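# Remarks on the overall topology
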Amino acid sequence: MRFTSIMLATTLLVSATTFAHADQLDDIISAGKLRCAVELDFPPNGARDKDNKPIGFDVDYCNDLAKALGVTAEIVDTPDPDRIPAVLSGRADIGIAVASDTLERAKTIGFSIPYFVFTTVILAREDSGIKSAADMKGHTVGGPAGAYETLALGDTVKSFNDPATKLLTFQSQSDAFLALGQKQIDATYTTSTIATHLIQSGKYPGLKIVGDAPVDADYCAILVQRQEQGLLNYVNLFLNRQVRSGRYAELYAKWVGTEGGPAPDLTVAKAYR
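Cut-offs and rules
Residues numbered from 1 in each chain as written. Predicted model: local features only at pLDDT ≥ 70, side-chain atom pairs only at ≥ 80, totals over all residues. Heavy atoms only, no water. 1 Å grid on protein atoms, 1.4 Å probe; cavity = no way out; pocket = protein on both sides within 12 Å on 5 of 7 lines; lining within 4 Å. Points joined across faces, edges and corners; volume = space filled by probe spheres on them. Helix = DSSP H or I, 4+ residues; strand = E, 2+ residues; numbered from the N terminus. Nonpolar A, V, L, I, M, F, W, Y, C, P; charged D, E, K, R; others polar. Salt bridge = Lys/Arg side-chain N within 4 Å of Asp/Glu carboxyl O. Buried < 20%, exposed > 50% of the residue type's maximum accessible area, 1.4 Å probe, protein only. Phe/Tyr/Trp six-rings, centres within 6.5 Å; stacked < 30°, edge-to-face > 60°.

### A few points about the layout of surface pockets
Here the largest pocket defines a volume of roughly 1,000 Å³. In this structure, the largest pocket is lined by 33 residues; those nearest its centre are Phe-42, Glu-149, Gln-173, Thr-191 and Ile-194. The set of elements that each furnish at least two residues to the lining of the largest pocket consists of strand S5 (94-100), helix H5 (148-160), helix H6 (173-181), strand S10 (187-191), helix H7 (192-201) and strand S12 (218-224). The dominant element in the lining of the largest pocket, judged by the number of residues it contributes, is H7, at four residues. Residue composition of the lining of the largest pocket, grouped by class: 14 nonpolar, nine polar and ten charged.

### Brief notes about the pattern of salt bridges
Note that side chains of opposite charge can pair when their charged atoms are close. According to the stated counting rule, one finds 14 salt bridges in the structure shown. The shortest N-O distance in the salt bridge between Arg-247 and Asp-64 comes to 2.7 Å. Here Arg-247 is found in helix H9 (residues 247-255), whereas its partner Asp-64 is found in helix H3 (residues 57-69), with 183 residues between them in sequence. When its relative accessible area of 22% is taken as the criterion, Arg-247 is described as partly exposed.

### Concerning empty space enclosed by the protein
Evaluated as defined, the whole model comprises one cavity of 30 Å³ or more. Put simply, the largest cavity is a space of about 40 Å³. Taken together, Pro-144, Glu-149, Gln-173, Phe-177, Thr-188, Tyr-189 and Thr-190 make up the full set of residues lining the largest cavity. Elements with a minimum of two residues in the lining of the largest cavity: H6 and S10.

### Some thoughts on the packing of aromatic side chains
Taken as a whole and assessed by the stated rule, the structure comprises eleven aromatic pairs. Between the aromatic rings of Phe-57 and Tyr-61, the centroid separation amounts to 4.7 Å while the plane-to-plane angle is 25 degrees, which identifies the pairing as stacked. Of this pair, Phe-57 and Tyr-61 are both found in helix H3, four residues apart, which corresponds to roughly one turn of the helix. With respect to class, Phe-57 is no different from Tyr-61; both count as buried. When the centroid spacing of 4.9 Å and the interplanar angle of 65 degrees are considered together, the rings of Phe-57 and Phe-116 count as edge-to-face. Of this pair, Phe-57 sits in helix H3 while Phe-116 sits in strand S6 (residues 110-118), and the two are 59 residues apart along the sequence. Here the two residues Phe-57 and Phe-116 agree in accessibility, since each one is buried. Three or more aromatic residues joined by ring pairs make a cluster, and in this case those are Phe-42, Phe-57, Tyr-61, Tyr-115, Phe-116, Phe-118, Phe-238, Tyr-248 and Tyr-252.

Next comes the structure, spelled out in structure tokens:
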């Protein structure tokens, strides 16, 4: 009997503690602040203006979500490797930081439905004669070492089985673009957002998006602590409404532009809508 009483008391104590603990959505509303981890070195999703103020697609999404919640937005400048740790440690409430929704990452962090999708394009010099991936045969192409797009570019080069087709790798994406501008390479694979931003900057005249690269779309999601289902549900509904209201398309046009086409569809056929 005594053992049963102890077990019952313990169960009631645990239950009381569980019910007394508000979930993170309530915590954010009570605090009056939403802290968003954002990569501010990844334009046009995240960057700083001439006054060092955070700007970009992801910054606007944080501001929109904070407005929906009735709280103030706080941008937490978070480099790529620190995106998940920032959310797990509580330094940020969520991460709006172009994180690919991989199954391996999902073992640690919670993912929303997609909020952004990267399509990979072929960025080439206009005088190269390259108009598609097939046209790269016989050319020297390149990209940043280890990057997903460069690995795909390597597969394209290998498919030609042609010694005249060469792949050069560079330490960074900036180095690859410099090589493209200086005619060390004729083309590269990169995301449509980065390619459009680079062309708009005018830094390297004569570059053009000539078509889509043979690379699967990269869907990115908002990061939330895995156990915070209430917050995750709210974020998912918010993202749904961003699309339904036209705000997603509006911000895509604002930050990415429409030179490479309209805002891409965030749905996956026969999987979710």
